[in-house]
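Okay, here's what each chain looks like letter by letter:
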Amino acid sequence: MNAMNALSRTPAAPGREPVRVVLAGGRGHGAWHLANLRRLAARGIVRLAGVCDVQPLEAAELTRLGRPEQGTDLGELIERTGARAAIVCTPIHTHTDLALTAAARGADILLEKPPAPSLAEYRRLLTGLDGTDRACQIGFQSLGSHAVTSVRTLIEDGAVGEVRGIGAAGNWVREEHYFTRAAWSGHRRLAGTDVVDGVLTNPLAHAVATALHLDGSSREQDVAEIGTELYRANDIESDDTSCVRIRTSRGTRIVVAATLCAAEAAEPYVVVHGSRGRITLWYKQDRVLLQRAGHGPEERVHGRTDLLENLLAHRADGTGLLVPPQVTGAFMRVVEAVRTAPDPQPVPGSLWYAIAGERSHRRVVDGVDDLVAEAAERLATFSELGAPWAATARRTAVHR
């Protein structure tokens, strides 16, 4: 199911002028935001007033969005257009500065995930925002899913008994060109600046954040211990096949396993293991499967609230923000653990193979699809499961 088609359709308030929005970063994932802006503009909710990018967007990229102002200085563009909201969808290491620039110029912010490349930068973001009256929403779209609320309710109601742990699995495929699409792609650092572009911190960051959120452990202080195992099959600096084991302050064991080197792409999911059953959430599809003793399986697809709409509603009538920066603190603890961990271990060439993709070759790690699923099922790391390519790195890096 296309998540954008399932978004809540809150009508525009009668007589309310469309909110002027500036988009910083119009290509790559920025194209998703352009599509969402078209949807909201058609309903009279927003008007794209400006686009900030190092290369101006072409007219074809701005179809049905009018002729927004363009420039390379976000602060100046906000002032010139009178924008009241800014979407920041730029390289990870620019997030904090651009978000604070937007806030200083009077714009509320939708800031793409991860909010920052380090815990120090995240804390700087929080401190800087505290000095303004601007709202900031972090772009974990999965946390706008009504399915997440449904799973939380099932857990709290004891539908599967006592929670024994939470697993998450992401088997994705990425071709080699993915890691060269931008200067920062596939890097842990760039010219001495933290980037932390890895499978757990960027493409499958939603799996980590959603698992933490389902446990009710979303803030920085909610994490007691983190263990990381980082690997790479591609010729990159960052990790493309990794797992993280988290112990939350409430004692829950969470294991997230993810790869960009799967044999076949699969929908990522989070599974809650209970004493009397299990709940599986496919967070991109907003789909929940409840399995418990004495009942047949129950499956339901939910809607979701768009995070930009929620941000605008927050400013208009005080609606609560779904993903304020404070509820991404636990996720940022994971980012920090990845950032400070030893460099990813290379998967030996004998344990991966290359196959042709649509634009370039892609690398497949032997047996990784099953290992990712098994990690989420058994709440065990790759080395604990005996992965042959993890044999040389059985000591998990632990961060407290």
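Figured I'd write up the structure that's included with this text. Because the structure is predicted, anything quoted here is derived from the model rather than measured. (Residues numbered from 1 in each chain as written. Predicted model: local features only at pLDDT ≥ 70, side-chain atom pairs only at ≥ 80, totals over all residues. Heavy atoms only, no water.)

Some words on the nonpolar core
Here's step 1: Of all hydrophobic cores here, the largest spans 96 residues; its most connected members are I109, L212, V256, I279 and F331.
Here's step 2: Excluding anything up to four places from it in sequence, L212 contacts S217, S218, V223, I246, T248, I254, A330, F331 and V334.
Here's step 3: The next biggest cluster of nonpolar side chains, apart from the first, holds 26 residues, and it includes A169, A233, V368 and W389. (Core = buried A, V, L, I, M, F, W, Y, C linked by side-chain atoms within 4.5 Å. Buried < 20%, exposed > 50% of the residue type's maximum accessible area, 1.4 Å probe, protein only. Contact = heavy atoms within 4.5 Å.)

Digging into the packing of aromatic side chains
Here's step 1: Counted by the stated rule, this structure contains six aromatic pairs.
Here's step 2: Taken together, a centroid distance of 5.2 Å and an interplanar angle of 90 degrees make the contact between Y178 and F179 edge-to-face.
Here's step 3: With centroids separated by 6.4 Å and ring planes inclined at 55 degrees, the aromatic side chains of Y269 and W282 adopt a geometry described as tilted. Here the residue Y269 occupies a position in strand β13 (residues 269-274), and W282 occupies one in strand β14 (residues 277-282), the gap between them amounting to 13 residues.
Here's step 4: For W282, a relative accessible area of 15% puts it in the buried group. (Phe/Tyr/Trp six-rings, centres within 6.5 Å; stacked < 30°, edge-to-face > 60°. Helix = DSSP H or I, 4+ residues; strand = E, 2+ residues; numbered from the N terminus.)

What about unusual backbone geometry?
Here's step 1: A cis amide bond links K113 to the next residue, P114, at an omega of -15 degrees.
Here's step 2: With respect to the secondary-structure elements, P114 resides in the loop between β5 (108-111) and α4 (119-130).
Here's step 3: Located in the positive-phi region is D286, a residue other than glycine, with phi close to 60 degrees.
Here's step 4: With respect to the helices and strands, D286 occurs in the loop between β14 and β15 (287-292).
Here's step 5: Of the residues examined, D286 reaches a relative accessible area of 1% and is grouped as buried.
Here's step 6: With phi around 55 degrees, L379 is a residue other than glycine that occupies positive phi space.
Here's step 7: Its place among the elements puts L379 in the loop between α9 (368-378) and β20 (397-399).
Here's step 8: On the basis of relative accessibility, which here comes to 10%, the residue L379 falls in the buried class.

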